[in-house]
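# Summary of structural features
Given next are the chains, with one letter for each unit.
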Amino acid sequence: MFILEKGIDVPIQEMSLQNGEHKTEEFRAKNPLGQVPLLELTDGTYVSESVSICRYLEECYPEKPLFGTTPAERAHIDMWQRRMELRVFIPAVEYGHHTHPFFAPRIKQFPDWGASNREVIEATYDWLEQELRSRPFIYGESFTIADITGFNGVQLAEVWGIGIQNRGNLAKWRDGINARESARVVRYAPRAS
Ligand SMILES: N[C@@H](CCC(=O)N[C@@H](CS)C(=O)NCC(=O)O)C(=O)O
C-alpha cells in the first residue's frame with residue numbers, strides 16, 4: 001500500500017507462506033525471524049520490519065511524503081503511527097493469536113491476554129472517534145503512514161470480529177481509506193460492522 005501511494009517502482013517477489021517459503025534456510029539467512037516483508041537493498045543487505053522498509057523508501061524517494069517533511073510534522077506523524085501500531089495493529093494481532101482456534105495448535109494461547117487487547121482496541125476506537133470529529137485523516141489534513149498502519153489494524157480486528165460499530169467518524173475515515181486505489185492490495189475484510 002505504501003509503495004502504491006508513493007507511486008514508485010519496486011520489484012516484488014511474492015512468497016507462499018502456506019508452503020513455508022519464508023522458513024527455508026536460504027530465507028532465514030536474509031531474515032532470521034523467517035518473516036515477510038523483507039527488502040533487499042542495493043548494497044546487498046536486507047531490511048525487515050514493515051515501517052523500517054517504508055522509512056527507507058521514503059528517504060530514497062522523498063516525493064509524495066508520507067512521514068512528513070518538517071521536524072515537527074515528522075514527530076507528530078511518528079507519534080500517530082506509533083499509536084496506531086501499539087494501540088490498534090499489535091492488539092489486533094495479539095487478540096487473534098490468543099483467541100482464535102486457528103492459532104490454538106500453533107501458539108500457547110492466553111485468552112485473558114487476548115481479551116485485554118480487545119479492550120485496548122475498543123478504548124482506542126472511542127478516542128479516535130473523538131479525534132476524527134475535526135479532521136479527515138489520523139494526522140491532520142493529509143494521508144500519512146499513520147493512516148496505513150491504522151487502516152490495516154482496523155481491518156485485522158474486523159477479521160476477528162471486532163467491528164467499529166456505531167462510531168460514525170471512524171467508519172467514515174475507514175471507508176475513505178478503503179476506497180483508495182492503494183488499498184486494493186491490503187483490502188480483505190468481510191466487515192464485522
Ligand atoms: N514486525 C514485523 C511483523 C512481520 C510479520 O508478522 N509478518 C507475517 C506476515 S504479515 C509473517 O511473516 N508471518 C509468518 C511467521 O511469523 O511465521 C513487521 O512489521 O514487518
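By convention here, each chain's residues receive numbers from 1 onward along its written sequence. It should be noted that, the model being predicted, local features are given only for residues of pLDDT at least 70 and side-chain atom pairs only at 80 or more, the latter also being counted only at that level, while totals for whole chains, interfaces and linings use all residues. To obtain the side-chain values, all non-hydrogen atoms of the structure were used and water was disregarded.

## Re the site of the ligand
Throughout, near means a residue has at least one heavy atom within 4 Å of the molecule or strand. With respect to spatial proximity, the complete set of residues near the ligand consists of His22, Lys23, Gln35, Val36, Pro37, Glu49 and Ser50. Contacts described as polar in this section are N or O atom pairs within 3.5 Å, which, within protein, must combine one atom able to donate a hydrogen with one able to accept it, while residues neighboring in sequence count only if both atoms come from side chains. Contact distances for the ligand include 2.8 Å between an oxygen atom and a side-chain N or O atom of Gln35. Ser50 has a polar side-chain atom sitting 2.7 Å from an oxygen atom of the ligand. Here the ligand, which alone exposes 510 Å², has 56% of that area covered by the protein. Put simply, Ala, Val, Leu, Ile, Met, Phe, Trp, Tyr, Cys and Pro go in the nonpolar bin, Asp, Glu, Lys and Arg in the charged bin, and everything else, Gly too, in the polar bin. A per-class count over the shell around the ligand returns 2 nonpolar, 3 polar and 2 charged. Accessible areas in this description were obtained via Shrake-Rupley with a 1.4 Å probe; residue shielding takes into account the shown protein chains only.

## Observations concerning the domain arrangement of the chain
Under the domain assignment, the chain is made up of domain 1 (2–60) and domain 2 (71–185). Boundary definitions for the domains trace back to an automatic or database domain assignment. The gap between the C-alpha centroids of domain 1 and domain 2 is 23 Å. Any two residues having at least one pair of non-hydrogen atoms within 4.5 Å are treated as being in contact. Each partner contributes to the interface: domain 1 provides 6 residues, whereas domain 2 provides 10 residues. Once two parts are joined, some of their accessible surface, as seen by a 1.4 Å probe, is lost; buried area is that loss totalled over both. Roughly 630 Å² is buried in total at the junction of domain 1 and domain 2, and carbon and sulfur atoms are behind 65% of that figure.

## Remarks on the layout of surface pockets
Think of a 1 Å grid over just the protein atoms. A cavity is a set of points where a 1.4 Å probe fits yet cannot get out, a pocket is an open set with protein on both sides within 12 Å along at least five of seven lines, and lining residues have an atom within 4 Å of a point. Grid points are joined across faces, edges and corners, and a volume is the space filled by probe spheres set on the points. Considered as a void within the structure, the second largest pocket measures approximately 200 Å³ in volume. As for the second largest pocket, its lining consists of Arg55, Glu58, Glu59, Pro62, Pro65, Phe67, Gly68, Thr69, Arg74, Ile77 and Asp78. Numbered from the N terminus, helices here are DSSP runs of H or I no shorter than four residues, and strands are runs of E no shorter than two. Counting only elements with at least two residues in the lining of the second largest pocket, the list comes to helix 3 (50–60) and helix 4 (71–99). Two domains each put at least three residues into the lining of the second largest pocket: domain 1 (2–60) and domain 2 (71–185).

## Some thoughts on the environment of His97
Positionally, His97 belongs in helix 4. Look at His97 and you get partly exposed, because its relative accessible area is 25%. Taking the C-alpha atoms as reference, His97 lies 15 Å from Gln155; in sequence the two are 58 residues apart. Aside from chain neighbours lying at most four places away, what touches His97 is Phe103, Ile107 and Gln109. For every residue, the accessible area (1.4 Å probe, protein chains only) is compared with the maximum for its type, and the residue is labelled buried under 20%, exposed over 50%, or partly exposed between those bounds.

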